[in-house]
Amino acid sequence: MIKVLVNGACGRMGSEVVRTLEVEKDLQLIAAVDPQHAGGNLGMLTRTNYKDIPIYKNLNEALTICVPDVVIDFTTPSIIKESAKTVISKGIHMVIGTTGLTVEDREELSNMVDITGSHVLIAPNFSLGAVLLIKVSAEIAKYMPNTEIIELHHNHKYDAPSGTAKLTAEKIAEARILTAEKDNTKESLIGARGGKYHDITIHSVRLPGYVAHQEVLFGGHGETLTIKHDSLDRKSFMPGVMLAVKNIFKHPGLVYGLENYLE
Ligand code: NAD
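All values derive from a computational prediction rather than experimental measurement.

Parameters at a glance
- Residues numbered from 1 in each chain as written.
- Predicted model: local features only at pLDDT ≥ 70, side-chain atom pairs only at ≥ 80, totals over all residues.
- Heavy atoms only, no water.
- 1 Å grid on protein atoms, 1.4 Å probe; cavity = no way out; pocket = protein on both sides within 12 Å on 5 of 7 lines; lining within 4 Å.
- Points joined across faces, edges and corners; volume = space filled by probe spheres on them.
- Helix = DSSP H or I, 4+ residues; strand = E, 2+ residues; numbered from the N terminus.
- Nonpolar A, V, L, I, M, F, W, Y, C, P; charged D, E, K, R; others polar.
- Axes fitted to C-alpha atoms, helices over the stretch in contact; angles between N-to-C directions.
- Parallel < 35°, antiparallel > 145°, perpendicular 65-115°, else oblique.
- Contact = heavy atoms within 4.5 Å.
- Near = heavy atom within 4 Å.
- Polar contact = N/O pair within 3.5 Å; in protein donor to acceptor, adjacent residues only side chain to side chain.
- Areas by Shrake-Rupley, 256 points an atom, 1.4 Å probe, with all protein chains shown as cover.
- Sits in = over half its atoms within 2 Å of the grid points.

**Student:** Explanation requested: empty space enclosed by the protein in the structure shown.
**Tutor:** Any space left empty among the atoms is revealed by the rolling of a water-sized probe across them. Tallied over the full model, the rule gives two cavities of 30 Å³ or more. If you add up the space inside the largest cavity, you get close to 70 Å³. Lining the largest cavity we find Asn-125, Ala-130, Leu-133, His-153, Ser-162, Thr-164, Ala-212, His-213, Gln-214, His-229 and Ser-231. Elements that contribute at least two residues to the lining of the largest cavity include exactly α6 (128-141), β10 (212-219) and β11 (224-231). When residues of the lining of the largest cavity are assigned to their parent elements, the largest contribution, three residues, is made by β10. Classifying every residue of the lining of the largest cavity gives three nonpolar, eight polar and no charged.

**Student:** So what exactly am I meant to see when it comes to the packing of helix α4 (residues 80-89) against helix α5 (residues 103-116) here?
**Tutor:** Geometry of a packed helix pair, given as the angle between the helix axes and the separation of the axes. Direction vectors running N to C along α4 and α5 enclose 10°, while the axes themselves pass 9 Å from each other. One element, α4, and the other, α5, form an angle in the roughly parallel class. Between α4, through Lys-81, Ala-84, Lys-85, Ile-88 and Ser-89, and α5, the contact on the second element is made entirely by Asp-105, Glu-108, Leu-109, Met-112, Val-113 and Thr-116. Class assignment for the residues of the contact of α4 with α5 results in five nonpolar, two polar and four charged.

**Student:** I keep staring at the layout of surface pockets and nothing clicks. Help me out?
**Tutor:** Here the largest pocket is characterised by a volume of approximately 960 Å³. Taken together, 44 residues form the lining of the largest pocket, with Met-13, Phe-74, Thr-75, Thr-76 and Tyr-158 sitting closest to its centre. Among the elements of the structure, α1 (12-22), α3 (59-65), α4 and α7 (163-175) are those that each provide at least two residues to the lining of the largest pocket. Partitioning the lining of the largest pocket into residue classes produces 15 nonpolar, 22 polar and seven charged. Within this model, the second largest pocket holds a volume of roughly 430 Å³. What lines the second largest pocket is a set of 21 residues, and nearest its centre among them are Glu-148, Glu-181, Asp-183, Lys-196 and Thr-201. Within the residue set of the lining of the second largest pocket, elements represented by two or more residues are β7 (147-153), β8 (195-197), β9 (200-206) and β10. The biggest single contributor to the lining of the second largest pocket is β10, with three residues. In the lining of the second largest pocket, the residues fall into four nonpolar, eight polar and nine charged.

**Student:** Got a minute to help me understand the site of the ligand in this structure?
**Tutor:** As a matter of local geometry, the ligand sits amid 25 residues, with Arg-12, Met-13, Asp-34, Phe-126 and Tyr-158 nearest to it. Here a nitrogen atom of the ligand sits 3.1 Å away from a polar atom, N or O, in the main chain of Gly-97. At a separation of 2.9 Å, a nitrogen atom of the ligand approaches a polar backbone atom of Ala-123. Considered on its own, the ligand offers 870 Å² of accessible surface; in the complex 85% of this is hidden by protein. Taking a 2 Å distance to the grid points as the criterion, the majority of the atoms of the ligand fall inside the largest pocket. A breakdown of the residues in the shell around the ligand according to their chemical character gives twelve nonpolar, ten polar and three charged.

Here you go:
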């Protein structure tokens, strides 16, 4: 039985994780952390039978009282680095879904992990379809280097562009062999052409009604190719999160991207 603590347990993703854990035979939820609901009834808040699982106000408090095997984190970009340091300093494994960690943050955490022995997975997207979209995009980019990304999310998302769009751009940039053609468009409205990450243009749309969606557009001579992924429900992330928790023991160090866990 793997003992799990969920950080951000009462948020949109955290509560979906709690509901999923309830039906997982090999995983045992032992504690929750959420400052907005500390001391509250987790069962009522997440519509589960977890009424006796404590909700702590912060990770430090929780980790002095209980010792999970794995912490699952879906909180907020502003605190994720500190939370990761707290967990890693105790040698506990961590599955991070929260976005916002920079390349430098990942390097710093990776150095810590090498000392304490924690296994850490940072996955900007736990949906298996999105992971496959990234893999396929990198493959297409070898032959069609001209590409732009459009990502569309609900209007309560904290950050732009999404972590998934940035990871897609990184993988495309690594895979490209041919040089992309430059466009000479002059913006008459700042931002009209999106933002560049690893020299790839990303456009972020934020509107109510969306969950998490991404299109990768490739342009060639006289042809275009578009691939698209839609997460229609937060349930789409759960098989990936559960796969990560069950397999984290096999993957030492800090791993970035769920694709590294897919055999
Ligand atoms: P949310 O706002 O619904 O939930 C965040 C929760 O974290 C809230 O309940 C809040 O009270 C709690 N929180 C705030 N400060 C905290 C702290 N110091 N300690 C513990 N908990 C704290 O947000 P959400 O929609 O659930 O998204 C959470 C994160 O997950 C975001 O970064 C989002 O981009 C990311 N996300 C990742 C994936 C993925 O597949 N990797 C998918 C969806 C969302």
